[in-house]
Protein chains: 2
Amino acid sequence: MSRFERHIFICTNQRGPDDPRGCCASKGSEKVVESFKVELVRRGLKGRVRANKAGCLDNCARGVSVVVYPDAVWYGGVTPEDVPEIVDKHLLGGQPVERLRLDEADFREAGGGPKRGPAGGAPAPARGGAA
Amino acid sequence: MSRFERHIFICTNQRGPDDPRGCCASKGSEKVVESFKVELVRRGLKGRVRANKAGCLDNCARGVSVVVYPDAVWYGGVTPEDVPEIVDKHLLGGQPVERLRLDEADFREAGGGPKRGPAGGAPAPARGGAA
């Protein structure tokens, strides 16, 4: 038995304003947490799905970072306005929201390597949420 | 691809000293986090396994609470001294540390229902870490 059907972790890590990595707290992560909590109650998912704050999820440049387990689906650039779509499509419908997903290239970049397009050529364009 | 082979979340929620639920922070959760970070580096697991602080994991009476994903294995009453065993047996060996695991009865209790033994009879004895 699993305690929760799904468990959502939202990075709320905070760094100083001069830190070049940025941080999820400065991008409104607390509001994303609050939005998840509100939407889970609204959809009757409280007790089945849990949303928790988390420390640094190591995707600072792509915050607000969110990971959903046990699926291990990662999202980046999440805003409070995105949350109803994640709840409806992913948590209720079982289909991750592709436009917000972080992929292997994002993770390589987070790890310090170059971000490449699918053909391994020019760097991929920046994502909307990756300011 | 999954960003991390395993992702460990340690509850570091803090409540006031008079709160009857207790909290993981008062039971030394920060030291558990630190111990995981040290042991992951020591075992060469940094980058493959990540340990993060988390908000309230809803097992307050059984803290320090820890959950390991994507396995969805829950532990309660975790101390810094337990961490090397979790790393060796579970993260490296693939076998959860049964003596620390929270089970279905623990979750029912956390949810407000009565805690029952396997036969559904008398309440199960308290766990060592569930002070």
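Our subject is the structure that appears above.
Residues numbered from 1 in each chain as written. Chains lettered and ligands numbered in written order. Predicted model: local features only at pLDDT ≥ 70, side-chain atom pairs only at ≥ 80, totals over all residues. Heavy atoms only, no water.

Caption draft 1: Spatial organisation of the pairing of strand β3 (residues 66-69) of chain A. Residues and elements named next belong to chain A. Burial along β3 is two-sided: the residues V66 and V68 and V67 and Y69 are all buried. Taken together, the three bridges between β3 and strand β4 (residues 73-75) define a ladder with antiparallel strand orientation. Residue pairing for β4: V66 is matched across the bridge by Y75. Here β3 folds back onto β4, and the loop between the two strands holds three residues, one of which, A72, carries a positive phi near 60°. (Buried < 20%, exposed > 50% of the residue type's maximum accessible area, 1.4 Å probe, protein only. Helix = DSSP H or I, 4+ residues; strand = E, 2+ residues; numbered from the N terminus. Pairing = 2+ DSSP bridges.)

Caption draft 2: Just the interface of chain B and chain A, in detail. In this complex, chain B contributes 23 residues to the contact, which on the side of chain A involves 23 residues. In total, about 2000 Å² of surface goes out of reach between chain B and chain A, with carbon and sulfur atoms giving 58% of it. Across the chain B-chain A interface, the total number found is four salt bridges. A salt bridge links A:D58 to B:R3; the shortest N-O distance between them is 3.1 Å. (Contact = heavy atoms within 4.5 Å. Buried area = accessible area lost by both parts, 1.4 Å probe. Salt bridge = Lys/Arg side-chain N within 4 Å of Asp/Glu carboxyl O.)

Caption draft 3: Main features of unusual backbone geometry. Residues and elements named next belong to chain A. With an omega of 5°, the peptide bond running from G63 to V64 counts as cis. Cis geometry marks the peptide bond from Y69 to P70, where omega comes out at 5°. Mapped onto the elements, P70 comes out in the loop between β3 and β4. The backbone phi angle of A72 is positive, close to 60°, even though this residue is not glycine. Structurally, the position occupied by A72 is in the loop between β3 and β4. For A72, a relative accessible area of 14% corresponds to the buried category.

Caption draft 4: Quick look at the relation of the copies chain B and chain A. Turning chain B through 180° and shifting it by 0.0 Å along the axis lays it on chain A, with an RMSD of 0.0 Å. The transformation just described matches what one would write down for a two-fold rotation axis. In this assembly the copies share their binding face: 100% of the residues contributing to the interface of chain B also contribute to that of chain A. (Least-squares fit on C-alpha atoms with pLDDT ≥ 70 in both.)

Caption draft 5: Molecular detail of the pairing of strand β2 (residues 49-54) of chain B. All names here are of chain B. The buried fraction of β2 is high, at five of six residues. Where strand β1 (residues 6-11) lies against β2, six bridges are found, and the strand directions are parallel. Within the sheet, the bridge partner assigned to I8 lies in β2 and is A51. Remark: the β1/helix α1 (residues 29-42)/β2 crossover connection has right-handed handedness. (Right-handed = clockwise from strand over helix to strand, strands pointing away.)

Caption draft 6: Examining the pattern of salt bridges more closely. Residue and element names in this part refer to chain A. What the rule picks out here adds up to 30 salt bridges over all chains. Salt-bridge contacts for R15 lead to D19; the nearest nitrogen and oxygen are separated by 3.9 Å. Of the charged contacts in the structure, one is a salt bridge between R42 and E39, with a shortest N-O distance of 3.0 Å. Of the two residues, R42 and E39 are both situated in helix α1 (residues 29-42); the distance of three residues between them amounts to about one turn of the helix. A cluster of three or more residues bridged by salt bridges with shared partners is formed by E39, R42, R43 and D88.

Caption draft 7: Spotlight on the packing of α1(B) against helix α2 (residues 83-92) of chain B. All names here are of chain B. Relative to each other, α1 and α2 sit at 50°, their axes nearing to 9 Å. Classified by the interaxial angle, the pair formed by α1 and α2 is oblique. In terms of crossing hand, the pair formed by α1 and α2 is right-handed. For the pair α1 and α2, contact is made by V32, S35, F36, E39 and L40 and by V83, P84, I86, V87 and L91, respectively. (Axes fitted to C-alpha atoms, helices over the stretch in contact; angles between N-to-C directions. Parallel < 35°, antiparallel > 145°, perpendicular 65-115°, else oblique. Left-handed = near helix turned anticlockwise from the far one by under 90°.)

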